[in-house]
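Reading the structure
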Amino acid sequence: MNNREYLIHILLKLRSIGIKNEKILKAIEKIPPHYYYNIFHGSNEIYKVDVNEVVEIVKLLELSLHVNSKLENVLLLGFKYGWFLVLLTNFCKRIYGICNNINQKKKLELFFLNNNYNNIYLSKGKQLSSWNKVAPFDLILCLNINSFSIIDIVNLLTERGVAILPTLSKSNSIEIIS
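Below: a short report on this structure. On a predicted model such as this, the values are computed, not experimentally measured, just so you know.

1. Details of the environment of asparagine 132
Considering the arrangement of structural elements, one finds asparagine 132 in the loop between strand 3 (120-124) and strand 4 (137-142). Between the alpha carbons of asparagine 132 and asparagine 155 there is a distance of 9.5 Å; along the sequence they are 23 residues apart.

Put into structure tokens, the structure is as follows:
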């Protein structure tokens, strides 16, 4: 399967589970996750992204846009290679991200600078307080399990803001709470 066929596979999978937002689908078509990965890592090999992971990310984005279609400030935590940050540039005025380590931050900043993504801002750490100065946020999206206080999160949101976070249920399965 070549890159274009893999993109079609991703788009068909998204449509089959009910993703109908054309703006989201066009944004994914503009910079598919596997193209992004190849550009980011300087590789010509076809990188097979986890389609189910892309589906979950897109579902979260669609839910977020359904709740608030005008996203000014967005805070994202728990991302891997930055593709979701780039995808968000199509829907948000400013995207703030918290990187797990300084190497990831430097590599992403260089990539964003070289590719003219001027509305993505990064900090290193694991604390929400990294971006207190630019709060409030219309959307806080965390892609990994954390121990943030709900009060701390609510204090960083706008009046119509939404936070979407994974949590571990009593049966040890991961659930998404909003």
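Back to the write-up after that little detour.
2. Some words on the pattern of salt bridges
One side chain can pair with another of opposite charge once the charged atoms of both are near each other. Evaluated as defined, the whole model comprises eight salt bridges. Where arginine 94 meets glutamate 72, a salt bridge forms, and the shortest distance between an N and an O atom there is 3.9 Å. A residue pair is termed long-range when its members are at least 10 positions apart, and arginine 94 in strand 2 (residues 92-99) and glutamate 72 in strand 1 (residues 71-77) qualify at 22 residues. In this structure, glutamate 109 and lysine 105 form a salt bridge, with 2.9 Å as the shortest nitrogen-oxygen distance. With a gap of four residues between them, glutamate 109 and lysine 105 both fall in helix 6 (residues 102-114), about one helical turn apart. Overall, the relative accessible area of 16% leaves lysine 105 in the buried class. Look at the salt bridges and you will find they share partners, linking Lys70, Glu72, Lys93 and Arg94 into a network.

3. Remarks on unusual backbone geometry
The omega torsion of the bond from alanine 135 to proline 136 falls at 15°, within 30 degrees of zero and hence cis. Looking at where proline 136 falls in the secondary structure, it is placed in the loop between strand 3 and strand 4. Phi angles above zero are rare outside glycine, and asparagine 116 is one such case at about 60°. With respect to the helices, strands and loops of the structure, asparagine 116 is situated in the loop between helix 6 and strand 3. In this structure asparagine 116 comes out as exposed when scored by relative accessible area, which is 60%.

4. Side note on helix 6
Compared with the 18 Å implied by 1.5 Å per residue over 13 residues, the 18 Å span of helix 6 between its first and last C-alpha is a close match. Considered for burial, the residues of helix 6 that qualify are Gln104, Lys105, Leu108, Phe111 and Phe112. The arc enclosing the buried residues of helix 6, seen along the axis, measures out at 135°, which places them on a common side. In helix 6, those exposed residues whose orientation departs by more than 90 degrees from the buried face are Asn103, Lys106, Leu110, Leu113 and Asn114.

Rules used in this analysis
- Residues numbered from 1 in each chain as written.
- Predicted model: local features only at pLDDT ≥ 70, side-chain atom pairs only at ≥ 80, totals over all residues.
- Heavy atoms only, no water.
- Helix = DSSP H or I, 4+ residues; strand = E, 2+ residues; numbered from the N terminus.
- Salt bridge = Lys/Arg side-chain N within 4 Å of Asp/Glu carboxyl O.
- Buried < 20%, exposed > 50% of the residue type's maximum accessible area, 1.4 Å probe, protein only.
- Expected span 1.5 Å × (residues − 1).
- Arc of directions from axis to C-beta.

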